[in-house]
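Geometric and topological summary
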Amino acid sequence: MRVESTPMNGAESLVRTLVANEVTVCFTNPGTSEMHFVAALDKVEGMRSVLGLFEGVVSGAADGYYRMADKPASTLLHLGPGLGNGLANLHNARKARSGIVNIVGDHATYHRRCNAPLTSDIEGVAATVSDWVRTSPDSASIAQDGAAAITAARTAPGQIATLILPADTAWGAAGAVAHAAAPPPRRNVSDEVVEASAHALKRGARCALLLGGIGVREKALELAGRIAAKTDCQLLSEYNHARIQRGAGRVETTRIPYSVDAAVALLDGVDELILVGAVEPVAFFAYPGKPSLLSSERCKITQLAAPEEDIVSALEALAERLGAGHLAPTHVAQRPAVALQSGPTTAQGIAAVLAALLPEHAIVVDESVSTGRGFNAPTAGAQPHDWLNIVGGAIGFGLPTAVGAAIACPDRKVIALEGDGSAMYTLQALWTMARESLSVVVLIFANRSYQILRGELSGVGAGTPGRKANDMLTIDRPDLDWVGLARGMGVEASRAQDLDALAGQFRRALACEGPYLLEVVL
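Everything quoted here is computed from the prediction, not taken from an experiment.

To continue, consider the pattern of salt bridges. Counting across every chain of the model gives 23 salt bridges. Across the pair aspartate 261 and lysine 290 runs a salt bridge whose closest N-O atoms are separated by 3.2 Å. With aspartate 261 in helix H11 (residues 260–267) and lysine 290 in the loop between strand E15 (272–276) and strand E16 (300–305), the pair connects residues that are 29 residues apart, well separated along the chain. The salt bridge involving arginine 412 is made with aspartate 386; its shortest N-O contact spans 2.6 Å. With a gap of 26 residues between them, arginine 412 in the loop between helix H14 (398–408) and strand E19 (414–419) and aspartate 386 in strand E18 (residues 385–389) connect regions that are remote in the sequence. A relative accessible area of 17% places arginine 412 in the buried class. What you see here is one network of salt bridges that share partners, running through Asp70, Arg217, Arg243, Asp386 and Arg412.

Our focus in this paragraph is the nonpolar core. The biggest cluster of nonpolar side chains holds 57 residues, and the ones touching the most others in it are Leu443 and Phe506. In contact with leucine 443, other than residues within four places in its own chain, are Leu354, Ile415, Ala416, Leu417, Glu418, Leu502, Phe506, Leu518 and Val520. Within the second largest apolar cluster, 51 residues are counted, among which are Val57, Ile122, Val403 and Val442.

This paragraph deals with unusual backbone geometry. Keep in mind that most residues, glycine aside, have a negative phi and that most peptide bonds are trans. In this structure, the amide linkage connecting alanine 156 to the following residue, proline 157, adopts the cis form with an omega of 5°. Mapped onto the elements of the fold, proline 157 is located in the loop between helix H7 (142–154) and strand E8 (160–166). Of note, the amide linkage connecting arginine 477 to proline 478 takes the cis form, showing an omega dihedral of 10°. Although it is not a glycine, arginine 477 adopts a positive phi angle of roughly 50°. Relative to the helices and strands, arginine 477 is located in the loop between helix H18 (467–471) and helix H19 (482–488). Take arginine 477: its relative accessible area is 64%, and that puts it in the exposed class.

Another aspect to go through is the packing of helix H3 (residues 55–69) against H14. Describing two packed helices takes the angle between their axes plus the distance from one axis to the other. At a minimum axis distance of 6 Å, the contact between H3 and H14 shows a crossing angle of 45°. Considering their axes alone, H3 and H14 lie oblique with respect to each other. Where H3 crosses over H14, the handedness of that crossing is right-handed. Counting all contacts with H3, which are made through Gly56, Val57, Gly60, Ala61, Asp63, Gly64, Tyr65, Met68 and Ala69, the residues of H14 involved are Pro400, Thr401, Val403, Gly404, Ala405, Ile407 and Ala408. Of the residues contributing to the contact of H3 with H14, the split by class is 10 nonpolar, 5 polar and 1 charged.

Rules of the game
- Residues numbered from 1 in each chain as written.
- Predicted model: local features only at pLDDT ≥ 70, side-chain atom pairs only at ≥ 80, totals over all residues.
- Heavy atoms only, no water.
- Salt bridge = Lys/Arg side-chain N within 4 Å of Asp/Glu carboxyl O.
- Helix = DSSP H or I, 4+ residues; strand = E, 2+ residues; numbered from the N terminus.
- Buried < 20%, exposed > 50% of the residue type's maximum accessible area, 1.4 Å probe, protein only.
- Core = buried A, V, L, I, M, F, W, Y, C linked by side-chain atoms within 4.5 Å.
- Contact = heavy atoms within 4.5 Å.
- Axes fitted to C-alpha atoms, helices over the stretch in contact; angles between N-to-C directions.
- Parallel < 35°, antiparallel > 145°, perpendicular 65-115°, else oblique.
- Left-handed = near helix turned anticlockwise from the far one by under 90°.
- Nonpolar A, V, L, I, M, F, W, Y, C, P; charged D, E, K, R; others polar.

Okay, structure coming up:
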């Protein structure tokens, strides 16, 4: 770690360290203990500061930024309660293996013993969603600690690093800018592991590659397609993807369904399952009388590459071992002629609109929950695009993640697919989209309910909902006015009552330079 000296306070040394190490975006929701960091943001060139009106917007935006930029952003959060408010989307980010540098302010070191109202166990809170946690003891240490946090966040496959900054550490004298050590490279898989996977594929049993992590990026998918051309194996992918590259001309996978029954039925046809950046498939929840592990008991599971290992090199080695390295890949998605439908808005009709109108290189952020369960197959042949799913399952992910993705890729259109219930968790992200003039189109699927929970109520055998149960599953009386909510935060908006209106207004939204919200009434 290299250190450069110049007179400054601790907060400025930290901001300069972040910028020197290419952490150049800070998603912020500061308070009193972070004011010296805020002042340092004014002094230091090269850092883009983006305000979120709720910490869940801040943490979700940092997740979306990493997924598209493949490098960490920083957050700025206010003490333990501020960190706690961002916890759900930090959970999602950790499950997605996103790298984030959290900066969390704390009381001055000498003030902690006074047990002031905002005093809390910040390290304890941070540990639940972080891979690396440290409290800087003094202003002279903060730059080196910041550099260590950056190295941790960059460590494959991506980690959450939380650095706690006591107020006197921020305002005290410092004189250093630190340069982060390079993270360790992804580990190569052994020849024995490659041989075991090749042997499984050549046994003649019904075999599938289960792809996850960067195994669903374009290069890895192409290699998997070559292996499938040689061995006739199935290509499966996990239900939740941090980022999958898909569309016409790219190798297509079959996504393991959310439904336990459908997933079990799919995997019942697999006797050999090879994990490539993925983990053994499990049910999202426990259901009475249904299995937690989704593959059959007779299925043999072989791991080619763990999420933190060099997945692309492992697939290259496997393709060469099988003599598939120069074959044309199979399972390549084709661009079909898509007929737009008319009439009431249905999930099938919405999928057709997306398949036909998604612009090339769009980024789709998907928190469509129940409405979007069937979008995968109909959109496989859309224009080439990236699709980001909620991985950790904590709702309120979609709008903030769209903010981060748009800041990471300002030249690409971002389309956020949102349920109305989940959008209410972090609707403050609309304000950030407007303030930053982000190129985001938000589709709100307004079914006036937590529709997914109706299926879950039946799935766990809890019976038929009565009046009180129904009141906990619906979000009507009054209906949410998403057009009014969006316009109140500076976002242009309209409402589509049928599929014809949806297609026309979606085209209009795509033509807008700034954010646009389209309420799709179901």
